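The residues making up each chain are set out below.
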Amino acid sequence: MRYRQLTTGTLALGVLLLIDVLRVWLPGIITIFGQAASTPAELMGAFALGWFVLAMGAPAVVRRVGARPVTVVAAVALAVARLALTAAPGGRTQLWLATAGLLAGLVWLVGVAADTDRPVPGLALGFAVNAAVHAVLDTVDLVWRGDWVAWLLSAVAAALFLAGAAQPGQRGADVPADAPAGPGGGRAWLLAGPALLLAGMVALSPALARTGMSYLVAEDGVARSPLFGLAPVPVAVAGFLCAALTRPPRGWGRAYGPVALLGGAVLFALDRGDLLLPAILLAAVGLGACLALTDDTSQPASDTASAGTAGTGASRRGYAVATGMLVFALGAVGYYSAYDLGYPNAAVPVVVALLIAAVAFTARPVVHRLPGPFPPLRAAAAVTALALLAPVLADEVPVASNRDGPPQRLTVVAYNIRMGFGLDGRFDLAGLAEVVDQQRPDVVLLSEVNRAWLLNGGHDTLDLLSDRLGMPYVFGPAADPVWGDAVLSRWPVRDPRTLPLAAVGAPTGAQALAVTLDLGDGVRTAVVSTHLQPPPGKGPVVQARAVADFATRYAAGRPLVVAGDLNTEPGDEAFAEFSNAGLVDALAAARPLATSPADDPRQQIDHIFVSPGLTPSDPVAPRSTASDHLPVAVTVTLPPR
C-alpha cells in the first residue's frame, strides 16, 4: 500500500474510533457524571471542557518527546479504551474509560498532525464512513451492541488502526521516509474539531436525516414514522465526499462551499422540522467544499520545507488541531447546556459555520494541486454504496391496523425514557422495550425522547423503540425538532396536534401532543402526551392548566387519556389542575405509587389521567432501571357504545 493511502486510511480509522468514544463519553457527562438534573450544568460543562484544555499541552509533549512515540502510545490507548467500552458494565468505570479514550484520541490527533500536512482526505473519509456505518447500524453504535459481531468488527477496526499507526512514519506525498513534513496543513487541522461538530450535529447525522424525513409525512408540526427514513444519508455522504475530495473552483466560485455551509447552519438554527432535510444537504456539501479549500498541499514537502520550517509547521499543526478540538467542546457545551441554563443557542451552529467558512475561504488558492491518495469519485462511490445499504437494512416501518371490532379495554403505558440511557449510563433499548412490552400495551406515551442530539450519542431513540415494539409513532417537538414527547399506538392514529407550552422560567421547552386513536366502527379515543417543566422552585401550574384545557377541548366529549412525566405530586396545585378539569387520577387505587428515582422511588411525578367515562384498573409502576423513572401503566375500560 502506498504511503499516502496508508496514512489516509489510518487517520480515517482513528477518527472512527474517536467518534465511537465520543458517543459514549458525551452522554456519560449527563447520565453518569451529572446524574441528569442533580448536578449543576456549569459543573458538567467544566468537566467536559477540562479534558480538551488539558490536551492543549500535547503539542509541547510532542515537541519534546517526538511525534512517533507519542502517536503510537496514544493510538494503543485509544484502541484499548474503545474495545474496553464494549465490555464496560456502565457507571463510573464506563465514564473513566471513555474519558481515557477521549484524551488518548486528542493526543493521538496532535501527534498525527505533527507528521501530516495533508489531513483532509483522511478526515473526510473518517467522517463519511462513520456516518455510513452509523446509518447501517440503525444509529446504534457497536459499543452498545456487545454481541460477537460487534466484538469482531470492533476488533478488526482497532487492529487495522494499530497496524497502520505502527508503520514507520513518512512525511509527505511521494517523498523519502526521512523527509520532513511541509509547513502547511494548519488550516485543515484547525477545522477538524469544528467540522466534527457540524458533521455530528447536522451534515452527516443519520438520526437527524430520519427525523427530517418523519416531518415530511405529517402536518401541524408533528412527525410520524417515515418510509425509507435513512434515504437522505447516502445523498449527504456523496455530496460531502465529492466536494471534499475534488478540486475546488477558482475565483469567486470558491465561495459556494462557505455559502452552502452557512445556509445549512441557518436553516438548522431555525428549529423547524420541515427545514431539517435542506439543512442537512446544504451543510454536507458546504462542509466538504470548505475542507477542500484548506487541502493546500500543492508541492512535495521536500521541495517546500527546510527542517526548520517543517518543525515550525509541525508545532503549528499540533496547536491547530488541539485548538480546533477545543472549539468542538466549546460549541457542544455552549449549544446543549442552553437546555439547562435557558439562554438562546441558535447562534452556536451558525458561529461555528462562520468560523469554518472564514478559515476556508481565506486559505491560499492551490495552483498545482497534487492528486489525492484515492480517486475522488471511486472513494465517494464506495462510501455512498455502503450508506445505500442503510435504507434497505436498517429501515423498518411498523404498521398499525384495526383489529376486528372496537376493543373493550385499552392498556396505556407512560414512560420517561431519559433519552434511552439507563441508571448505569448505558444505552439500554432492550431494557426499555422489555418493561414496556411486558404490559402488552395498546398505546405508549413517551417523555424525554431524543432523536438526534450529538450530546446523547446521535441515536434516533424513538424510531428504535418503535421498531422493537412494532408500533408506529407520532412525535411532538418540545425543546427543538429532535427532542420532545411521543405516542406509539397499535391502532391507527388520526388528527395529530401539538401545543407549545409557555416556558414560565423553565429552560427546557415543553409541549402537549394530542392524537386520536381510531378503534374501528366509528369509536375514537383522544390521547395527550406531555412532559411538564416546572419553573425553578415552583410547580408547573401554568403548564398543567394549559394542558388540561387543551386536552379537554381537543377531546370534545370523546374518551380522553392524558399522561406523562408531569413533575407534580398528588395534592400539589398543578396536580389539582387536571382534577379541576374533570379528569380522574387513573392510578389512585395504587397510591402511593412512586416513580422516581427508579432505583429508590420516592416521588409520585409520572401520572395517567382519564375522563370519567373510562374505568381504570390494574395500575402499576413496574420496576426497571432502564431509565431514571419507572413507567406507569393502567388498563382502561371503554364506555359502552
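Quick summary incoming for the structure in this document. Keep in mind that what you see is a predicted model, and the values were worked out from it rather than measured. (Residues numbered from 1 in each chain as written. Predicted model: local features only at pLDDT ≥ 70, side-chain atom pairs only at ≥ 80, totals over all residues. Heavy atoms only, no water.)

**A word on the overall build of the protein**
- Counting secondary structure elements, the protein contains 23 helices and 13 strands.
- For a compact globule of 641 residues, the expected C-alpha radius of gyration is about 26 Å, and the protein comes in at 26 Å, within 12% of that figure.
- Relative to its full complement of 641 residues, the protein shows a buried share of 61%.
- Just so you have it, the protein exposes about 22900 Å², and 62% of that area is on carbon and sulfur atoms.
- Considering the protein, the positive charge centre built from 42 side chains and the negative charge centre built from 46 side chains are found 9 Å apart. (Helix = DSSP H or I, 4+ residues; strand = E, 2+ residues; numbered from the N terminus. Rg over C-alpha atoms; globule rule 2.2 N^0.38 Å. Buried < 20%, exposed > 50% of the residue type's maximum accessible area, 1.4 Å probe, protein only. Areas by Shrake-Rupley, 256 points an atom, 1.4 Å probe, with all protein chains shown as cover. Lys, Arg positive; Asp, Glu negative; His and termini not counted. Charge placed at Lys NZ, Arg CZ, Asp CG, Glu CD.)

**Remarks on the nonpolar core**
- Grouped together as the largest cluster of nonpolar side chains are 157 residues, with contacts concentrated most on Trp-25, Phe-240, Leu-241 and Leu-446.
- Per-element accounting of this core gives the leading share, 17 residues, to helix α1 (residues 3-33).
- Not counting residues within four places of it along the chain, the set of residues in contact with Trp-25 comprises Phe-47, Ala-48, Trp-51, Phe-52, Leu-95, Ala-98, Thr-99 and Leu-102.
- Counting 33 residues, the second largest nonpolar core, distinct from the first, contains Leu-410, Leu-587, Ala-621 and Leu-630. (Core = buried A, V, L, I, M, F, W, Y, C linked by side-chain atoms within 4.5 Å. Contact = heavy atoms within 4.5 Å.)

**Observations concerning the state of the cysteines**
- Under the defined criterion, the tally for this structure stands at 0 disulfides.
- Cysteine Cys-242 remains unbridged, with the sulfur of Cys-290 as its closest cysteine sulfur at 16 Å.
- Using a relative accessible area of 0% as the deciding quantity, one classes Cys-290 as buried. (Disulfide = S-S within 2.5 Å.)

**Details of the sheet that holds strand β10 (residues 584-585)**
- Within the open sheet, the 6 strands sit side by side as β6-β7-β8-β9-β11-β10. Their pairing is mixed. Edge positions in the open sheet fall to β6 (493-501) and β10, since each of these has one partner strand only.
- With 7 bridges connecting them, β6 and strand β7 (residues 510-518) associate as antiparallel partners. Bridge pairing in β7 links Pro-500 to Gln-511.
- Each of β6, β7, β8 (524-531) and β9 (560-565) is contacted by helix α22 (residues 541-555), which is oriented at about 155° to β6, the strand it contacts most. (Pairing = 2+ DSSP bridges. Axes fitted to C-alpha atoms, helices over the stretch in contact; angles between N-to-C directions.)

**Examining the pattern of salt bridges**
- One pass over the structure, following the stated rule, counts 17 salt bridges.
- Linking Asp-460 and Arg-210 is a salt bridge whose minimum nitrogen-to-oxygen distance equals 3.9 Å. With Asp-460 in the loop between β3 (443-450) and α21 (461-469) and Arg-210 in helix α11 (residues 206-216), this pair connects stretches of sequence that are 250 residues apart.
- Residue class for Asp-460 comes out buried when judged on its relative accessible area of 0%. (Salt bridge = Lys/Arg side-chain N within 4 Å of Asp/Glu carboxyl O.)

**Considerations on the packing of helix α2 (residues 41-54) against helix α5 (residues 91-115)**
- It is the contact of α2 with α5, at a shortest axis distance of 9 Å, that shows an interaxial angle of 35°. In this structure, α2 meets α5 at a crossing whose hand is right-handed. The segment α2 lies against α5, with Phe-47, Trp-51, Phe-52 and Leu-54 engaging Leu-95, Trp-96, Thr-99, Leu-102, Leu-103 and Leu-106.
- Looking at the contact of α2 with α5 residue by residue, the classes come out as 9 nonpolar, 1 polar and no charged. (Left-handed = near helix turned anticlockwise from the far one by under 90°. Nonpolar A, V, L, I, M, F, W, Y, C, P; charged D, E, K, R; others polar.)

**Things to note about the packing of aromatic side chains**
- What the rule picks out here adds up to 19 aromatic pairs.
- Ring centres 5.3 Å apart and planes at 55° place the aromatic pair Phe-421 and Phe-427 in the tilted group.
- By relative accessible area, Phe-427 is classed as buried at 7%.
- Ring geometry for Phe-550 against Tyr-554: centres 6.3 Å apart, planes inclined by 35°, an arrangement best described as tilted. Taken together, the positions of Phe-550 and Tyr-554, both in helix α22 and 4 residues apart, correspond to about one turn of that helix. Each member of the pair Phe-550 and Tyr-554 is classed as buried.
- Clustering of aromatic rings is evident, with ring pairs tying together Phe-268, Tyr-335, Tyr-336, Tyr-339, Trp-453 and Trp-483. (Phe/Tyr/Trp six-rings, centres within 6.5 Å; stacked < 30°, edge-to-face > 60°.)

**As for the sheet that holds strand β2 (residues 409-416)**
- The sheet built from 7 strands is open, its strands ordered β1-β4-β5-β3-β2-β13-β12 with mixed pairing. At either margin of the open sheet sits one strand with a lone partner, and together these are β1 (223-224) and β12 (615-620).
- Pairing between β1 and strand β4 (residues 473-480): 2 bridges, direction antiparallel. Along β4, the bridge assignment pairs Ala-223 with Phe-475.

**With respect to the layout of surface pockets**
- As a volume, the second largest pocket reaches approximately 430 Å³.
- Residue assignment for the lining of the second largest pocket shows that the elements contributing at least two residues are α1, α6 (120-136) and α8 (148-166).
- Along the lines of polarity and charge, the residues of the lining of the second largest pocket split into 13 nonpolar, 3 polar and 4 charged. (1 Å grid on protein atoms, 1.4 Å probe; cavity = no way out; pocket = protein on both sides within 12 Å on 5 of 7 lines; lining within 4 Å. Points joined across faces, edges and corners; volume = space filled by probe spheres on them.)

**Describing the pairing of β3**
- Summarising burial for β3: 8 of the 8 residues are buried, a large majority.
- As paired elements, β2 and β3 share 5 bridges and run parallel to each other. Residue pairing across strands places Tyr-415 opposite Leu-446, the latter belonging to β3.
- In the sheet, β3 pairs with strand β5 (residues 483-489) via 6 bridges, with the strands oriented antiparallel. Bridging from a neighbouring strand, Asn-450 pairs with Trp-483 of β5.

**Section: α21**
- Most of α21 is tucked away, with 8 of its 9 residues classed as buried.
- Regarding α21, the residues found buried are Thr-461, Leu-462, Asp-463, Leu-464, Leu-465, Ser-466, Asp-467 and Leu-469.
- Packing partners of the buried residues in α21 comprise α11, α20 (429-437), β3, β4 and β5.
- The first or second residue beyond α21 is Gly-470, which carries a positive phi of 70°.

**Things to note about the packing of helix α4 (residues 67-87) against α5**
- For the pair α4 and α5, the least separation of the axes is 7 Å and the interaxial angle reads 150°. If you check the angle between α4 and α5, you find them roughly antiparallel. For the pair α4 and α5, the sense of crossing is left-handed. Between α4 and α5, the contacting residues are Ala-67, Val-70, Thr-71, Ala-74, Ala-75, Ala-77, Leu-78, Ala-81, Ala-84 and Leu-85 on the first element and Gln-94, Leu-97, Ala-98, Gly-101, Ala-104, Gly-105, Val-107, Trp-108, Gly-111, Val-112, Ala-114 and Asp-115 on the second.
- Tallied by class, residues from the contact of α4 with α5 come to 16 nonpolar, 5 polar and 1 charged. (Parallel < 35°, antiparallel > 145°, perpendicular 65-115°, else oblique.)

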